[in-house]
Structures are given as structure tokens and as C-alpha cells.
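As a plain string of letters, each chain reads:
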Amino acid sequence: MTQEQSNNLSLPEGYTFRKLKSTDYSNKYLETLKVLTTVGTISEEKFKKLFEEWSQNSHIYQPHVITNNQGIIVSTGMLLLESKLIHECGKIGHIEDISVAKEEQGKKLGNYMVKSLSKLAEESGCYKVILDCSDHNVGFYEKCGFQVGGVEMVHRFFQY
Ligand code: ACO
């Protein structure tokens, strides 16, 4: 049984789940993230510098995307792996920046992204995977296998 079958996941025909590439600057990566929040003006140079930083620390930063049948990015998601001392040097995964292009929402791409990142966290030896979300997305994450586990606290230094 493949990983996809055992996880009961499937994407529409021609769609692909893969790691972010350095060439994705011009492939709607930023535009897709703008569905989630403000991105700002990011030059290709800035993007490539950040991509390089993520790549050099790929044991921590694992940005992923889903592309459609034309190879265009339609969903984003980041998995961060945190190595801890507690729980016998346990590891936890953090899921961040989940976004699906407006015209592609409702096709289970968000569900596929979150479940795939969770699976990667489990395969990396994490004992849990966590995320923060707004109240209106709780139902979505419950459908991805998550449950409400606490209260998010924030101390903001800038307002975005
Ligand atoms: N509340 C409750 N249920 C929802 C919601 C919601 N906000 N959104 C989707 N669902 C349900 C769907 O109806 C579907 O249910 P079903 O299996 O019974 O048919 C199931 O969840 C799976 O839905 P998908 O089709 O996978 O959802 P989609 O691909 O549209 O992605 C997402 C959902 C990511 C929330 C998308 O709407 C989006 O990009 N929103 C804007 C950005 C955003 O809020 N991202 C999450 C930020 S939190 C974070 O990054 C950790």
C-alpha cells in the first residue's frame, strides 16, 4: 500500500504535492499566500535569499506546495520541526501558512496539505503536531484530524 492510500488521500488528476522550489517565485507562490494574509513587496532576490536560508536548515524548515494540472501553485503549507529537550529529546511539528487559492477552495486541497504535512511530521519522529488558527477554521482542522488543545496567547510587536 502506498503512503497516499494508507493515509486515504488523493488529489485531483494532474495535481501534485511537492517541496517548494527556488523557481516558484514566478509560479504564484506569493499570490497564493496572499489569500491567507498580507505578504508585502518581496523581490525575487529576497525570495531566493530566504529560500536559501530555509534550504540550509531543511531539518527545520519544510515549505510545501500543491500545483494544479498546469503546474501552477494553488496551495501552500509550511512544516517546522522543533527539537526539544523534554520528553527524552522529543520533537514536535508546527504547521504554518496554510493557504488555498480562492478558485481552488472546496476541492480538499487544504485537507490534503494539512494531512500530508502531519504525516511528514510523524515520519520525522514527532510525538505531536500543532498549529494556531482562528475560530472560523476550527471545523476545517477538525476534519484534518486535529482537536482544540488549548488557548493561543500572543504578544504582538507589529500589527499585520
Ligand atoms: N470551517 C469549517 N469547515 C471547513 C472550513 C471552515 N473554515 N473550510 C473548509 N471546511 C471543510 C470543507 O467543507 C470540507 O468538509 P467535507 O470533508 O465534509 O466536505 C473539509 O473542511 C475540507 O475542506 P477543503 O476542501 O480541504 O478546504 P480548502 O481546500 O478550501 O482549504 C482553507 C481550507 C485552507 C481554510 C482555505 O479556505 C483557505 O485557504 N482559507 C484562507 C486562508 C486560511 O484561513 N488558512 C488557514 C490559516 S491557519 C494556519 O495556517 C495554521
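Residues numbered from 1 in each chain as written. Predicted model: local features only at pLDDT ≥ 70, side-chain atom pairs only at ≥ 80, totals over all residues. Heavy atoms only, no water.

So, the site of the ligand
Counted only if it meets this: A single heavy atom is enough: if one lies within 4 Å of a molecule or strand, its residue is considered near that molecule or strand. Two N or O atoms count as a polar contact when they lie within 3.5 Å, although within protein this holds only if one can serve as hydrogen donor and the other as acceptor, and sequence-adjacent residues are included solely when both atoms are side-chain atoms. Residue-level accessible areas treat just the shown protein chains as cover; the underlying method is Shrake-Rupley with a 1.4 Å probe. Per the convention used, a helix needs a DSSP run of H or I reaching at least four residues, while a strand needs a run of E reaching at least two, with both numbered from the N terminus. Residue polarity is assigned by list, with Asp, Glu, Lys and Arg as charged and Ala, Val, Leu, Ile, Met, Phe, Trp, Tyr, Cys and Pro as nonpolar; anything else, Gly included, falls into the polar class.
Around the ligand, 24 residues are found, and the nearest of them are I98, V100, K108, G110 and N111. Within the contact set of the ligand, an oxygen atom lies 3.5 Å away from a backbone nitrogen or oxygen of L109. Within the contact set of the ligand, an oxygen atom lies 2.8 Å away from a backbone nitrogen or oxygen of N111. Surface burial for the ligand is 73%, taken as the share of its 990 Å² of free accessible area covered by protein chains. Secondary-structure elements contributing two or more residues to the shell around the ligand are β4 (91-100), α5 (109-123) and α6 (138-143). A total of six residues in the shell around the ligand trace back to one element, the largest contributor, which is β4. Grouping the constituent residues of the shell around the ligand by class yields ten nonpolar, eight polar and six charged.

Brief notes about the pattern of salt bridges
Here is the rule: Here, a salt bridge means any side-chain nitrogen of Lys or Arg that lies within 4 Å of a carboxyl oxygen of Asp or Glu. Each residue's exposure class comes from its accessible area (1.4 Å probe, protein chains only) as a fraction of the maximum for that residue type: buried when under 20%, exposed when over 50%, partly exposed otherwise.
Throughout the structure, instances matching the rule amount to four salt bridges. In this structure, E44 and K48 form a salt bridge, with 3.3 Å as the shortest nitrogen-oxygen distance. In this pair, E44 and K48 are both assigned in helix α3 (residues 44-56), four residues apart and thus about one turn of the helix distant. Put simply, E82 and K84 hold a salt bridge, and the shortest N to O gap is 3.2 Å. On the basis of relative accessible area, E82 is assigned to the partly exposed category, the value being 29%.

Details of the nonpolar core
Note the threshold: Put simply, a nonpolar core is a bunch of buried Ala, Val, Leu, Ile, Met, Phe, Trp, Tyr and Cys residues held in one set by side-chain atoms that sit within 4.5 Å of each other. Between two residues, a contact is recorded if the distance between any of their heavy atoms is within 4.5 Å.
Counting residues in each nonpolar core, the largest one holds 21 residues, and the members touching the most others are I66, I95, I98, L109 and V114. Elements that contribute at least two residues to this core include exactly β3 (73-83), β4 and α5. Top element by residues in this core is α5. It accounts for six residues. Excluding its chain neighbours within four sequence positions, the residues that come into contact with V114 are I95, I98, F140, Y141, C144 and F146.

A look at the environment of H59
Along the chain, H59 turns up in the loop between α3 and β2 (61-67). A relative accessible area of 53% means that H59 is categorised as exposed. Along the chain, H59 and E142 lie 83 residues apart, while their C-alpha atoms are 27 Å from each other.

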